[in-house]
Amino acid sequence: MKFGKEFKREMVPEWVEAYVDYTGLKHILQEIRRFKESKQPPTPARTLEQRLAVYRNFSGLNLQGLAQNAGDIEDQVIAVNTVQHENYRKFYKTKFLASPEGAENEISFFNKLDHELNKVNTFYKDKVDEVMREVNLLNKQMDALIALRIKVMDPGFDAFASLQRLSLDINNSTPSRITSPPRIANLDTDDMPVSPSFGPTYGRQGSTTSASYSKVPIDHNTLRENRDTDSTKTDPLEILDHVKIVNTFESPMSTIRGVLGESKENDLSYKKEELKKVEQRLKLIFFEFYQKLRHLKHFSYMNLSAFSKILKKYEKITSRKAARSYLKMVDNSYLGSSEEVTSLLDRVETTFIKHFSQSNRREGMKILRPRHKREKHRITFLSGFFSGCSIALLVAVILLRDDRKLIDKDEGTSYLDKIVPLYSFYAYIVLHMLLYAANIYFWRRYKINYAFIFGFKQGTELSYREVFLLSNGLAMLVLAALLMHLHMNSRAEVYGTSVEYVPLGLIMVLLFITFCPFSIIYRSSRLFLMRCVFHCICAPLYKVTLPDFFLADQLTSQVEAIRSLEYYICYYTWIKSSHGHNSCPSHDVYNIFYFILAIIPYWFRFFQCVRRLFEEKDQAQAYNGLRYFLTILAVVIKTAYALRKSLTWEVLAILSSLITTFFNTYWDIVVDWGLLRRKSENKFLRDKLILRHRSVYFIAMVLDVLLRFAWLQLVLKFNVPSLQGSTVSSIFACLEVIRRGMWNFFRLENEHLNNVGKYRAFKSVPLPFVYHEEDEEKEE
């Protein structure tokens, strides 16, 4: 693989703009090459005698003199200057000394190269400074954690003597290159009690306790002097008197207590449950911090490689020796000479293994460096197999229906109207899953970091092949059940009433797979989905994250599927008990829940907007909540019109649907997609676009408007004589699912570009402890 492609593939998606513009530098080199080729006549090929003469002359040269001459020539090509700015930042400026004809492109190349070096160097320095500030915070958090462990696990432990010995170990250890070395790497707690969940396990296979820390022998004279000096010091456990637990209001009970006026900071209770929560949160913080360090190290390596590669290309094209002096400047820059990140990586590994993985290096590194998911050939094979089976079963269902001539018989038509809603539920789900698989494919193709946006744990995110496999497997299972249902119904005298339990058996199988506790069929993804669904149901009580409101938006496009679940209950209670003589719309209870189920997804989103409004103080959430409230009114009025035909309800339904459609369409295009910007580099779009063809965005906006206005189909009644029963509403329900699939891509594209603009590549995890001194400083 060429370096340019590898360089682009290995970039952190949210830091793309901070990397060396390798492609732009290559374009300048291509212009230099074209200029040289146009000015220089083609050299004739050398004969064999000429080549041998050149070889003899070259073999007789003094290599030391050759190197000296090359160095002299190189020194005459460029001169590198370092400029010191007021903020003590170094910026580099290269002066091109040689002035042959056509040197403008080469001057432009080095100006561009200097700009890229200064950009990369500044970004890297800022990120390292940010990391060092986080290190100081983590030091305080670890101090509080160790003190809390001592207090909870062994209140009678002599912490003062142990921490006194620790300070001697740290002071006598070899100084680090870091200006202010973080204590997280030097903490030694062999004698400290730790929790059973994360503490060291002695005598365990794979334990690396002895290798985790290098202990320095203690000088007894120094110990005696420090004993006299430290005699007046306070107990280290008194740090807990200055610490409180941060309440993030992530659980329902904490949210309720927060509404009732409870403070965001609670006093320590010194319980094991509290210690476990703190350890879990710090474990996640250390993981995110470690990933940031790894990304920074990789960022440095890839940019240094890019400078080396591009200068080699320059030498090859121009035959000028400028790489050595320029790369020497790059090596001396902060990007090439800084060792803070490498040192911190080692220290974070040691601390994490010691305190959060029972001193087991193998287990700790599995957590810190999870393996990337590898594509398996059997996924592709099974996807093709299931899709082929689904197509064959669909053809079989159509042929069986035509053979039995169910559609031509009044009784057969009535029977199909009763059982089709039992299976249409799966059609909406399968269509949505296929569109989600397509979304993942295009997100990956255009480097949209959907796994980070959704918060998937690394290595557990589903690929588009796996989602395609699940959708085809579900389609095959549903079509097989429908085919069996029709076949058994045609021989009712043999199977009796057992045919009616085929749809019920199908949904029971799917519910069992969904809630199966065993590690089969993508257990982590199923748990993630169930957690998000539960958060949607308890919308105002849980902190709203992007996966939660994204899933709630998907549910707003699955109103017909949710109503199909209601039909399941109705079918197996009223219709089956009356032997098919009753219908669901004839029951008032069914009609009431027909209203309620239609507004539930919008109600979820409304409550999520209310929670975010009070939590984030963002006025945009008020308008978003108003949008969903108007949508709820429109759905209620439209459903009332569908059940009770009258001119008044029709007028109200048309007006409410029009207002809601205009509001939702504006929000989709302007807010969710970030398009139709007045002052934009791309007219009527936005400044940054991922897709090359701008026409795709205009087509998407037009399609979104058209599919949004499909809302009016139940009000205006587009009657098609060839379509029977609820076929029209089913078609428009499928169109809404398709619109949602299109919305998903552009919504995540806009979210990704927002992350790129803010260089936001890591999840922010709130710290568990807060110090009183920090609060006083903030007040001052």
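For clarity, every value in this text was computed on a predicted model and none was experimentally measured. (Residues numbered from 1 in each chain as written. Predicted model: local features only at pLDDT ≥ 70, side-chain atom pairs only at ≥ 80, totals over all residues. Heavy atoms only, no water.)

Asker: Tell me about the overall build of the protein chain, and please be specific about residues and values.
Answerer: Within the protein chain, the secondary structure is distributed over 30 helices and five strands. A sequence separation of at least 24 residues applies to 76% of the contacts in the protein chain between residues at least 6 apart. Total accessible area computed for the protein chain in this model is approximately 42900 Å², and 58% of it derives from carbon and sulfur atoms. (Helix = DSSP H or I, 4+ residues; strand = E, 2+ residues; numbered from the N terminus. Contact = heavy atoms within 4.5 Å. Areas by Shrake-Rupley, 256 points an atom, 1.4 Å probe, with all protein chains shown as cover.)

Asker: Mind laying out the nonpolar core, listing which residues take part and the relevant values?
Answerer: Counting residues in hydrophobic clusters, the biggest one holds 81 residues, and the most contacted among them are F7, W15, F109, F110, L113, Y326 and F769. The element contributing the most residues to this core is helix α5 (residues 104-153), with 20 residues. In contact with F7, other than residues within four places in its own chain, are Y19, V20, Y22, M302, N303 and A306. One finds L506, I507, C570 and Y572 within the second-largest nonpolar core, a separate group that totals 31 residues. (Core = buried A, V, L, I, M, F, W, Y, C linked by side-chain atoms within 4.5 Å. Buried < 20%, exposed > 50% of the residue type's maximum accessible area, 1.4 Å probe, protein only.)

Asker: Please give an account of unusual backbone geometry that cites residues and values.
Answerer: One non-glycine residue with positive phi stands out, namely Q358, at about 55°. Take Q358: it is sitting in the loop between α13 (340-356) and α14 (361-368). Residue K617 is not a glycine yet carries a positive backbone phi of 55°. Here K617 is to be found in the loop between α24 (588-616) and α25 (619-643). Exposure remark for K617: the relative accessible area of 66% places this residue in the exposed category.

Asker: So what about the packing of aromatic side chains? Which residues, and what values?
Answerer: Pairs of aromatic rings are described using the distance from one ring centre to the other and the angle between the two planes. For the structure shown, the criterion picks out 47 aromatic pairs. Note on Y501 and Y572: the rings are 6.4 Å apart at their centroids and 25° apart in plane angle, and the pair reads as stacked. One end of the pair, Y501, is in the loop between α19 (492-495) and α20 (502-514); the other, Y572, is in helix α23 (residues 559-575), with 71 residues separating them in the sequence. Exposure remark for Y501: the relative accessible area of 42% places this residue in the partly exposed category. On the basis of relative accessible area, Y572 is assigned to the buried category, the value being 18%. Chaining the aromatic ring pairs together yields one cluster made of F3, F7, W15, Y19, Y22, F123, Y124, F299, Y334, Y759 and F762. Positioned above the aromatic ring of Y270, the side-chain terminus of K151 is 5.5 Å from the ring centre. Geometry around Y628 places R627 over its ring, the cationic atom sitting 4.4 Å from the centre. (Phe/Tyr/Trp six-rings, centres within 6.5 Å; stacked < 30°, edge-to-face > 60°. Lys NZ or Arg CZ within 6 Å of the ring centre and 35° of its normal.)

Asker: Summarise a nonpolar patch on the surface; cite the residues concerned and give the values.
Answerer: A cluster of nonpolar side chains, contributed by Y501, L504, M508, L511 and F515, occupies part of the molecular surface with about 490 Å² of accessible area. By the secondary structure assignment, M508 is in helix α20. (Patch = residues over 30% accessible without salt bridge, like charges linked within 9 Å, V, L, I, M, F, W, Y side chains within 5 Å. Salt bridge = Lys/Arg side-chain N within 4 Å of Asp/Glu carboxyl O.)

Asker: Help me get a handle on the pattern of salt bridges, residues and values and all.
Answerer: A full pass over the atoms with the stated rule returns 25 salt bridges. A salt bridge links R9 to E10; its shortest N-O distance comes to 3.3 Å. In this structure R9 comes out as partly exposed when scored by relative accessible area, which is 44%. The partner of E615 in a salt bridge is R611, with the nearest N and O atoms 3.2 Å apart. Of this pair, E615 and R611 are both found in helix α24, four residues apart, which corresponds to roughly one turn of the helix. Given a relative accessible area of 30%, E615 falls into the partly exposed group.

Asker: Which residues make up α25, and what values do they have?
Answerer: Look at α25: 37 Å from first C-alpha to last across 25 residues, which is about the 36 Å you get at 1.5 Å a residue. Sitting at the amino-terminal end of α25 is D618, which places a side-chain oxygen 3.2 Å from the backbone nitrogen of A620. (Expected span 1.5 Å × (residues − 1). Polar contact = N/O pair within 3.5 Å; in protein donor to acceptor, adjacent residues only side chain to side chain.)

Asker: Now, about the environment of N266: what can you tell me, with residues and values included?
Answerer: Tracing the backbone through its elements, the reader meets N266 in strand β4 (residues 265-266). Taking relative accessible area as the criterion, N266 reaches 23% and is therefore assigned partly exposed. If we ignore the near neighbours within four places in the chain, the residues touching N266 are K244, I245 and N247.

Asker: Any details on the environment of I592? Residues and values, ideally.
Answerer: Mapped onto the secondary structure, I592 falls in helix α24. Taking relative accessible area as the criterion, I592 reaches 47% and is therefore assigned partly exposed.

Asker: Explain a positive patch on the surface residue by residue, including any values.
Answerer: Taken together, the side chains of K2, K5, R33, K309, K312, K313 and K316 make up a positively charged region of the molecular surface. Per element, the largest residue contribution to the positive patch is four residues, and it comes from helix α10 (residues 272-318). Position of K2 among the secondary structure elements: in the segment before α1 (3-9). (Lys, Arg positive; Asp, Glu negative; His and termini not counted. Charge placed at Lys NZ, Arg CZ, Asp CG, Glu CD.)

Asker: Any details on the packing of α10 against α13? Residues and values, ideally.
Answerer: Two elements in contact, α10 and α13, have axes separated by 10 Å at closest approach and are oriented at 155°. Between α10 and α13, the angle falls in the class roughly antiparallel. Crossing of α10 over α13 shows left-handed handedness. Only V341, T342, L344, L345, V348, E349, T351, F352 and F356 of α13 make contact with α10, whose side of the interface consists of E279, L282, K283, F286, F289, Y290, L293, R294, L296 and K297. Each residue belonging to the contact of α10 with α13 can be placed in one class, and the counts come to twelve nonpolar, two polar and five charged. (Axes fitted to C-alpha atoms, helices over the stretch in contact; angles between N-to-C directions. Parallel < 35°, antiparallel > 145°, perpendicular 65-115°, else oblique. Left-handed = near helix turned anticlockwise from the far one by under 90°. Nonpolar A, V, L, I, M, F, W, Y, C, P; charged D, E, K, R; others polar.)

Asker: Break down the side chain of N360 for me, with residues and values.
Answerer: Relative to the elements of secondary structure, N360 occurs in the loop between α13 and α14. Among the residues examined, N360 registers a relative accessible area of 7% and is labelled buried. A polar side-chain atom of N360 sits 3.1 Å from the main-chain amide nitrogen of R362.

Asker: Describe in detail the confidence of the model for the protein chain, supporting the description with residues and values.
Answerer: For residues with low pLDDT, the predicted coordinates do not support detailed interpretation. Residues with a pLDDT of 70 or more make up 75% of the protein chain, whose mean pLDDT is 78. Of all helices and strands in the protein chain, the one with the weakest mean pLDDT is helix α7 (residues 209-212) (33), whereas helix α22 (residues 546-556) scores best (94). Here residues 57-75 is a poorly scored stretch, pLDDT under 50, and it has eight contacts once near neighbours within four places are set aside; other chains count. In this model, residues 775-780 is a region of pLDDT below 50 whose contacts with residues beyond four sequence positions or in other chains number two contacts. (pLDDT = per-residue confidence, 0-100.)

Asker: Lay out the packing of helix α21 (residues 523-537) against α22 in plain terms, naming residues and giving numbers.
Answerer: Packed helices, taken two at a time, are described by their axes: the angle between them and the distance between them. Orientation of α21 relative to α22, taken along the N-to-C sense of each, is 80°, at an axis distance of 9 Å. Between α21 and α22, the angle is such that the two are roughly perpendicular. In this structure, α21 uses F528, L529, C532, V533, H535 and C536 to contact α22, whose residues at the interface are P547, D548, L551 and A552. The residue inventory of the contact of α21 with α22, partitioned by class, reads eight nonpolar, one polar and one charged.

Asker: A description of the environment of F452 should follow, citing residues and the corresponding values.
Answerer: Within the secondary structure, F452 sits in helix α17 (residues 450-454). What makes F452 partly exposed here is its relative accessible area of 23%. The spatial distance from the C-alpha of F452 to the C-alpha of E14 is 10.0 Å, given a sequence separation of 438 residues. Contacts of F452, omitting those with residues within four sequence positions, involve E14, N755, R760, A761, F762 and K763.

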